[in-house]
Amino acid sequence: MFCTRGLLFFAFLAGLDIEFTGLRSNLSGPQQISLFDLPSEWYLKTRQSVQQFTICQIGLSVFSAIEGEANKYIAHSCNFYLFPTTFGILDSEFSFQASSVQFLNQYGFNYNKFLKNGIPYMNEEQEKKIRHDILTGNWRVRSSPDKDQIKVVIDQVTRWLELAKEGDWMTLPGITGFQAFEVQLVLRQALPNIWTVLKDEGVVVKKVSKQHRWYLQNTSCDRESCWKENILLSARGFSVFFQMLVKAQKPLVGHNMMMDLLHLHEKFFRPLPESYNQFKQNIHSLFPVLIDTKSVTKDIWKEMNFPRVSNLSEVYEVLNSDLNPTKNSGPEIVHASRCEKYVETKCPHEAAYDAFLCGSVLLKVAHLLLQKIYHIDPVPKSSFPQYLDVLAPYVNQVNLIRAGVPKINFSGPDYPSIRPPILILSVKRWPVVSEQQVYHTFQNLCKFDVRRLTRSQFLLLTNKFKDARNILKEYRDHPTLCISLYRYWRHSPNVNCLLQVCGIVTAWALLAFILGRSGP
């Protein structure tokens, strides 16, 4: 892996982007993601999707300062194609979402590298199970394709042993990487008179005596205990690098990175907990400094009157254009010698390219914020610690695309909603109305999330104040569709029911009091 521990240690930040086999399960009804969801409700719904889909590519871009150069950074960027570990009892199931596959195909995603050459990975719970099985000798081949291949290998070696003499050897070509460890483990368990060695050309099998085998197992540098640790290391795959990233404790930068964080937790740390607050605590302990460029650019875009953008690539283009007043004085970013693919080539939705854009956008926006504080350009002696200072309001504030709040705070309580007010729709003289019918009625004017309140009343919620104002004005005097601001104490069925019960109880109490006074 290109990112050594030393490179991470000296880095200032790490840009991250992840591509998935799917984003959302086809949830319907109450399980569908909506603007009505509290963060905890959004988390529980999205948790199901994260457990259903998997990671197919991770991109990392590590930014370091260039020694002796003021405000100049070098970016090391790399893609990792991943595939879940299939080893012993581990045989993961995951789904593909057709729209996600089409989307990645549109941008040239190489599914062969994902499916055939993906780096294995596992989370901590899976690692504990595999470690126990390997070290106690309870490991077995479980998957059918692996069993078939192992059977062929054992038959081939067994036939060769019948004619071979002690000291003879044979090579099993084309078996490399993690698969080579798996084959060797099975052969050593099945055949007591052989020894195996992994070489460039494949797995070399040597016929030895039982005494020599015992000697090799207990005295060689390839003794079984060390060798099993190497098997486990190979099975962990990318999870080893994930632990390095966690230990480095560098600012982790993404764009709309909430789904990335959910998958990082599920695939490399532990299965996602049922508790939303526990999830937040776990992520904060893994990555104490998170910066979502979506949250940062939202505010700066409004203040600078930059043109509207719809994705990360467009954000990067604006910041690199003459529209950015600090274009010529901001941080200079260059690619490392082995990472020059992106110097001239734009590769949107290739994970490493998007990770590079995340880090670059963050540095450029931070410089813009710093310039606004000093009111001079260029800013004297601008540095990364200064950038972190001006970014402090955005640290650990991760954008939430569709929920009751616009972002999640990973270092404390979530902020209250700043969405437009909830509207209530009362339908008159319509026999039966569904949420879908209500949605389609208003979709040409504006888009609302719809939730049924009573048989003839529906709650409407949008993330745009302008849409709420427009629909209130448009339907002010409508004969069958009455829309107004929702007031909990006035419109809630629970409150109305409680008031009715209180009214009945009060009426009966008053009647009893009157009758009691009029008696003899």
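The structure displayed is predicted, hence computed values, not measured ones. (Residues numbered from 1 in each chain as written. Predicted model: local features only at pLDDT ≥ 70, side-chain atom pairs only at ≥ 80, totals over all residues. Heavy atoms only, no water.)

## Some remarks on unusual backbone geometry
And step 1. Even without being a glycine, Asn256 presents a positive backbone phi close to 50°.
And step 2. Residue classification places Asn256 among the partly exposed positions, given a relative accessible area of 26%.
And step 3. Although it is not a glycine, Asn305 sits at a positive phi angle of roughly 55°.
And step 4. Relative to the elements of secondary structure, Asn305 occurs in the loop between helix H13 (293–304) and helix H14 (312–319). (Buried < 20%, exposed > 50% of the residue type's maximum accessible area, 1.4 Å probe, protein only. Helix = DSSP H or I, 4+ residues; strand = E, 2+ residues; numbered from the N terminus.)

## Here's the deal with the sheet that holds strand E7 (residues 252–254)
And step 1. A sheet is described by the order of its strands in space; here six strands give the open sequence E8-E7-E1-E2-E3-E9, paired in mixed fashion. Among the strands making up the open sheet, the edge pair consists of strand E8 (290–292) and strand E9 (332–335). Going from strand to strand, the sheet's axes swing by 25° on average, the running direction of each strand aside.
And step 2. As paired elements, strand E1 (residues 13–20) and E7 share two bridges and run parallel to each other. For Gly15, the partnering residue across the bridge sits in E7 and is Val253.
And step 3. Each of E1, strand E2 (55–65), E7 and E8 is contacted by helix H11 (residues 258–269), which is oriented at about 80° to E1, the strand it contacts most.
And step 4. Contacts from helix H16 (residues 351–374) reach E1, E2, strand E3 (72–81), E7, E8 and E9, with the element oriented near 35° to E2. (Pairing = 2+ DSSP bridges. Axes fitted to C-alpha atoms, helices over the stretch in contact; angles between N-to-C directions. Contact = heavy atoms within 4.5 Å.)

## Regarding a positive patch on the surface
And step 1. On the surface, a cluster of positive charge is made up of Arg308, Lys447, Lys464, Lys466 and Arg469.
And step 2. Among the structural elements, Arg469 can be located in helix H19 (residues 465–474). (Patch = residues over 30% accessible without salt bridge, like charges linked within 9 Å, V, L, I, M, F, W, Y side chains within 5 Å. Areas by Shrake-Rupley, 256 points an atom, 1.4 Å probe, with all protein chains shown as cover. Salt bridge = Lys/Arg side-chain N within 4 Å of Asp/Glu carboxyl O. Lys, Arg positive; Asp, Glu negative; His and termini not counted. Charge placed at Lys NZ, Arg CZ, Asp CG, Glu CD.)

## Quick word on the packing of aromatic side chains
And step 1. Summed over all chains, the structure comprises 28 aromatic pairs.
And step 2. Ring geometry for Phe12 versus Tyr73: centroids 6.1 Å apart, planes at 70°, classification edge-to-face. Linking Phe12 in the loop between helix H1 (5–10) and E1 with Tyr73 in strand E3, this pair joins segments that are 61 residues apart in sequence.
And step 3. Overall, Tyr73 belongs to the buried group, its relative accessible area being 3%.
And step 4. Ring geometry for Phe12 versus Phe384: centroids 5.0 Å apart, planes at 10°, classification stacked. Of this pair, Phe12 sits in the loop between H1 and E1 while Phe384 is found in helix H17 (residues 384–390), placing the two residues 372 residues apart along the sequence.
And step 5. Assessed through its relative accessible area of 6%, Phe384 is described here as buried.
And step 6. By way of ring pairs, the aromatic residues Phe80, Tyr121, Phe238, Phe241, Phe242, Phe268 and Phe287 are connected into one cluster.
And step 7. For the cation-ring pair, Arg188 lies above Trp195, with the distance from its terminal atom to the ring centre recorded as 3.7 Å. (Phe/Tyr/Trp six-rings, centres within 6.5 Å; stacked < 30°, edge-to-face > 60°. Lys NZ or Arg CZ within 6 Å of the ring centre and 35° of its normal.)

## Examining the environment of Asp449
And step 1. Along the chain, Asp449 turns up in strand E13 (residues 449–452).
And step 2. Asp449 sits in the buried class, given a relative accessible area of 10%.
And step 3. Put simply, Asp449 and Val438 are 11 residues apart on the chain and 9.6 Å apart in space, counted from C-alpha to C-alpha.
And step 4. For Asp449, the contacting residues outside a window of four places in its chain are Ser34, Leu35, Phe36, Arg402, Leu459, Leu460 and Leu461.
And step 5. Polar side-chain contacts of Asp449 include one of 2.6 Å to the backbone nitrogen of Leu35. (Polar contact = N/O pair within 3.5 Å; in protein donor to acceptor, adjacent residues only side chain to side chain.)

## Looking at the sheet that holds strand E4 (residues 169–173)
And step 1. The strand order E4-E6-E5 describes an open sheet built from three strands, whose pairing is antiparallel. Each edge of the sheet is formed by a strand with only one pairing partner; in this case those strands are E4 and strand E5 (194–199). Averaged over all adjacent pairs, the angle separating strand axes in this sheet is 25°, with direction ignored.
And step 2. Where E4 and strand E6 (residues 202–207) come together, five bridges link them in antiparallel fashion. Among the inter-strand pairings, Pro173 is bridged to a residue of E6, identified as Gly202.

## What about the side chain of Ser295?
And step 1. Along the polypeptide, Ser295 turns up in helix H13.
And step 2. The exposure class assigned to Ser295 is buried, which follows from its relative accessible area of 7%.
And step 3. Engagement of the side chain of Ser295 in a polar contact is seen with the backbone oxygen of Gln397, the distance being 3.1 Å.
And step 4. From its side chain, Ser295 meets the backbone nitrogen of Asn399 in a polar contact 3.4 Å long.
And step 5. Contact partners of Ser295, with chain neighbours within four places excluded, come to Tyr394, Gln397, Val398 and Asn399.

## Section: the environment of Trp195
And step 1. Relative to the helices and strands, Trp195 resides in strand E5.
And step 2. As a C-alpha pair, Trp195 and Val205 span 10 residues in sequence and 5.9 Å in three-dimensional space.

## Comments concerning the nonpolar core
And step 1. Of all hydrophobic cores here, the largest spans 46 residues; its most connected members are Ile58 and Leu264.
And step 2. Looking at this core, the elements with two or more residues in it are H1, E1, helix H2 (39–52), E2, helix H10 (238–248), H11 and helix H12 (276–286).
And step 3. Of all the elements, H11 adds the most residues to this core, at seven residues.
And step 4. Excluding residues within four positions of it along the chain, Leu264 makes contact with Leu16, Ile18, Ile58, Phe242, Leu252, Phe269 and Phe287.
And step 5. Judged by nonpolar contacts, the second largest core, of 37 residues, contains Leu13, Leu362, Ala366 and Leu369. (Core = buried A, V, L, I, M, F, W, Y, C linked by side-chain atoms within 4.5 Å.)

## A short note on the packing of H10 against H11
Each pair of packed helices can be described by the angle between their axes along with the distance between the axes.
And step 1. For the pair H10 and H11, interaxial distance at closest approach is 10 Å and the crossing angle is 120°. Our classification of the angle between H10 and H11 gives oblique. Judged by the sense of rotation from one axis to the other, the crossing of H10 with H11 is left-handed. Between H10 and H11, the residues in contact are Phe238, Ser239, Phe242 and Gln243 and Leu264, Phe268 and Phe269, respectively.
And step 2. Considering only residue class, the contact of H10 with H11 consists of five nonpolar, two polar and no charged. (Parallel < 35°, antiparallel > 145°, perpendicular 65-115°, else oblique. Left-handed = near helix turned anticlockwise from the far one by under 90°. Nonpolar A, V, L, I, M, F, W, Y, C, P; charged D, E, K, R; others polar.)

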